[in-house]
Each structure stands twice: as C-alpha cells, then as structure tokens.
2 protein chains.
Amino acid sequence: MARNKGEESKKKIFQAAAELFAHKGFHATKISDIVAKAGLTQAAFYLYFNSKEEIFEQMLEDFEKQLIHFSDAGKKVADIQPEHVKDHVRETIADILKFLGKNPHLTKVALRENKDDRLRSIIVEKIAANMSNNQRLGIVKTEIDTQFAGEAFLSVIEHIIERYVMTGEKTENELADQVSLLFLEGILNKN
Amino acid sequence: MARNKGEESKKKIFQAAAELFAHKGFHATKISDIVAKAGLTQAAFYLYFNSKEEIFEQMLEDFEKQLIHFSDAGKKVADIQPEHVKDHVRETIADILKFLGKNPHLTKVALRENKDDRLRSIIVEKIAANMSNNQRLGIVKTEIDTQFAGEAFLSVIEHIIERYVMTGEKTENELADQVSLLFLEGILNKN
C-alpha cells in the first residue's frame, strides 16, 4: 500500500514535469513549479528524484524504448508480400501517431525541447537505416536520400501531432491515410 | 547622403532585430540588445521605430509580400503543359528554398516565433487554395486533403531550411530534388 502511494506520487511528479517542460520549456521549469502542479511537497520530490535533469533523462529513455517497437515494424517490411507493403506502412504510421498522440507532452519535450537533438537524431537514423535496407531490397526507390526522407517524415509527424491530434481536428487513422498518400508513391517502388 | 546613412542605420537595426528574435525569441529581446548589436544608440532606434513590435510587424509584412510571388507560381501550374508540371513545381520549390535560405533569421521569426501563427496560416491557406484549384483542373489527385498537404509541406520546408540550408549541408537544388521525389508522385495525377 505504501509502495503504491509512492508509485502514485512519483507518477504525479513525472506527469506534472512533462506538462511543464512541454509548456514552459525545460530550463524555465522549476522544481517548485513541478511539485505545486503535482500537489506535493518539495521533500516528496527528492524522495523520488535527485533533480529535474533526472526526470528529463528518464523521459527520454522511456520514449526511446517505446519507439524501438516502431523501428522493428519498419524492419519487417522485407518479410511482407509486395502488395501489402503500403498497408503495412500505413498501419505503422497510424500506430506511431496513436502512440505520440497519447503522449503529447512527452512528444513535445522529447522532439522539440531536447536541445541537443539527441533523440531526434536517433529516430532519424533508425528511419534512414530501415529505408536504406529496404532500398537494397528493391522496396524503396534508389533515388531517395534516406536521411533526408527521415528528417522530412519526422518533421511532418511532429507538426501534425500538434496541429491535428492535440486539437482533436483529425483522427490518427485519417492522418495516416494522408501521410501515406503524400509519401508512399514517392518512396516505394511500384511492385 | 544623410538619407543614405539613415537608411543604413535603419537596416542595421532591422537586421540586428531579426537575428536576435531568431536566437532569443521576440519576447526575450530588449531594445537595448538590438541597438548594442547594431552598434547604435537607443536614441537612433527611436528615430526609425516606435517599438520592437513595429519591427516585428514590418518583418512579417515584408515576408508576406515576397511570398505572394511563390503563391502566383503555384497558380500558373494550370497554364503549363502537363509534362512540364513536375519541373515547374520543382523549380518553384527550389526558388522558395533559396528565398528562405537567404533570409534564415526572418524565416525562423516569421514561421516559428510568431505565436499567433497568423503568417503560417496564411501560407498554408494559399498553398491549399492553389492545390484545390489544381485539383478541380485534374492536376492534383482528388484524394489529397489540400490543407493537410499545405501543413505537411510547410513543416518540411521549415525544418530542412534549419537542418540543411543553414548548416550548408545541402544546396537548395539538391533539396528541391528530394522534396519533389517525396511529394510529387503522391500529389500529382499521372498525365
């Protein structure tokens, strides 16, 4: 019971920090802001974390772990019948949007606020590596600069999460359809 | 001669403001920062401007005027032989990137810092209106959500200016080739 209460407080602090980092930025957010938002004391904060940097690092780690799943989906393209590649990619895009849409604050913090762009680079490199592999397999067109395509894809994903998912204007499935329409003809070889 | 010197000081203030707005943000930039960067006095500032808001408004206006040119290029697609549409669009994309790349600070200020997103919305609506018109003419696929496509296109342009043009990693022509490869097959009907 005590442990559950502790876990709950920790989660509250984490959630409050994510929201504040997203709205005010990491640097402008003070520990006093975080505990006030979480409805806890400064002492409670230090029970679970040593610093706000520690929360930030943990956020990035969690985010990274969850994103590996989507990177694996990109690898699987090679095992799929050519006529189903588009549907598979479209499904993966919808899943990515759903994951990011469920974690809008984390998404903003991880992809925007993170000044050294470490996580952004990791994601771009993973997308690019998968695409380069699919290029060698004849699935992706050889003319495509896969790093560029990764950067372009990620900037679209980031923007539409903020513009359409967070405003509730479009669903993740509608967006996945449009992203697929825009990009897939350009990227994939005709089978 | 006196007038030329005045024009030069005004230009220096404008340029310094653009750089500071881009790096520190509009709100964090003080008039004292601007004149220090421009190598002028606070008194000189007030000879040419009433406030930093006035500079900001003027920046957006200049930017908007210059962007109309590209919007007109989008309209012209209808007058072009079907087999030349892709080349025309590719050229227009290269021109847009060259314009934005020559004005990186202004680009950042106008598209990012501008909190009410007025200019961004104007640009997206113009792209969407041109695309919808080209949809009626059978040039753009009917399945494309033109507002979405405008948002996606603009977020890619914004990002690649920062990522590749400002770092000197790729030329505007290389980028225009890649943007065209990624998007045009998805957007344009086959002729």
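Residues numbered from 1 in each chain as written. Chains lettered and ligands numbered in written order. Predicted model: local features only at pLDDT ≥ 70, side-chain atom pairs only at ≥ 80, totals over all residues. Heavy atoms only, no water.

Q: So, the packing of aromatic side chains: which residues are in play, and what are the values?
A: The relative placement of two aromatic rings is captured by the distance of their centres and the angle of their planes. Within the structure shown, the criterion is met by 17 aromatic pairs over all chains. With a centroid separation of 6.0 Å and 75° between ring planes, the pair formed by A:F21 and A:F56 is classed as edge-to-face. Linking A:F21 in helix 1 (residues 2-24) with A:F56 in helix 4 (residues 52-75), this pair joins segments that are 35 residues apart in sequence. Of the two residues, A:F21 and A:F56, both sit in the buried class. Summarising the aromatic geometry, the rings of A:F183 and B:F183 are spaced 5.1 Å apart at their centres and angled 35° between planes, so their arrangement reads as tilted. (Phe/Tyr/Trp six-rings, centres within 6.5 Å; stacked < 30°, edge-to-face > 60°. Helix = DSSP H or I, 4+ residues; strand = E, 2+ residues; numbered from the N terminus. Buried < 20%, exposed > 50% of the residue type's maximum accessible area, 1.4 Å probe, protein only.)

Q: For the pattern of salt bridges, give the residues involved together with the corresponding values.
A: Following the criterion strictly, the structure yields 22 salt bridges over all chains and no others. Across the pair B:K37 and B:E19 runs a salt bridge, and its minimum N-O distance is 3.6 Å. You can see B:K37 sitting in helix 2 (residues 31-38) and its partner B:E19 sitting in helix 1 (residues 2-24), a full 18 residues away along the chain. Where B:D33 meets B:K24, a salt bridge forms, and the shortest distance between an N and an O atom there is 3.0 Å. Residues participating in the shared-partner salt-bridge network are A:R120, A:E151, A:E158, B:R163 and B:E169. (Salt bridge = Lys/Arg side-chain N within 4 Å of Asp/Glu carboxyl O.)

Q: Go over the UniProt feature "domain: HTH tetR-type" (unreviewed entry) in chain A with me, naming the residues and quoting the values.
A: As recorded in UniProt, the sites labelled "domain: HTH tetR-type" (unreviewed entry) are residues 7-67 of chain A. Within the segment residues 7-67 of chain A, helix and strand shares are 80% and 0% respectively, and the terminal C-alpha atoms sit 24 Å apart. (UniProt positions renumbered as here; feature names shortened; annotations may be inferred.)

Q: An account of the domain arrangement of chain A is requested, with residue identities and associated values reported.
A: All names here are of chain A. Under the domain assignment used here, chain A contains domain 1 (1-49) and domain 2 (53-187). Each of domain 1 and domain 2 has a C-alpha centre, and the two are 29 Å apart. Each side of the interface is counted separately: domain 1 has 16 residues, and domain 2 has 11 residues. When the buried area of domain 1 at its contact with domain 2 is split by residue, F14, F26 and F49 rank highest and sum to 45% of it. In this structure, the connection of domain 1 to domain 2 is made through 0 salt bridges. There are 0 residue pairs in polar contact (both at pLDDT 80 or more) connecting domain 1 and domain 2. If you list the elements that add at least two residues to the side of domain 1 that touches domain 2, you get helix 1 and helix 3 (42-48). The element best represented in the side of domain 1 that touches domain 2 is helix 1, accounting for 10 residues. Taken together, the residues of the side of domain 1 that touches domain 2 break down into 10 nonpolar, 4 polar and 2 charged. (Domains from an automatic or database assignment. Contact = heavy atoms within 4.5 Å. Buried area = accessible area lost by both parts, 1.4 Å probe. Polar contact = N/O pair within 3.5 Å; in protein donor to acceptor, adjacent residues only side chain to side chain. Nonpolar A, V, L, I, M, F, W, Y, C, P; charged D, E, K, R; others polar.)

Q: A description of the interface of chain B and chain A should follow, citing residues and the corresponding values.
A: With 28 residues of chain B at the contact, the number on the chain A side is 28 residues. In total, about 2500 Å² of surface goes out of reach between chain B and chain A, with carbon and sulfur atoms giving 62% of it. Three residues stand out in chain B for area buried against chain A, namely B:F148, B:Q178 and B:L182, and they jointly supply 28% of the buried area on that side. Taken together, chain B and chain A are joined by 6 salt bridges. Across the chain B-chain A interface, the total number found is 14 residue pairs in polar contact (both at pLDDT 80 or more). Elements with a minimum of two residues in the side of chain B that touches chain A: helix 8 (146-165) and helix 9 (172-187) of chain B. In terms of residue count, helix 8 of chain B provides more of the side of chain B that touches chain A than any other element does, 11 residues in total. Classifying every residue of the side of chain B that touches chain A by side-chain character gives 13 nonpolar, 5 polar and 10 charged.

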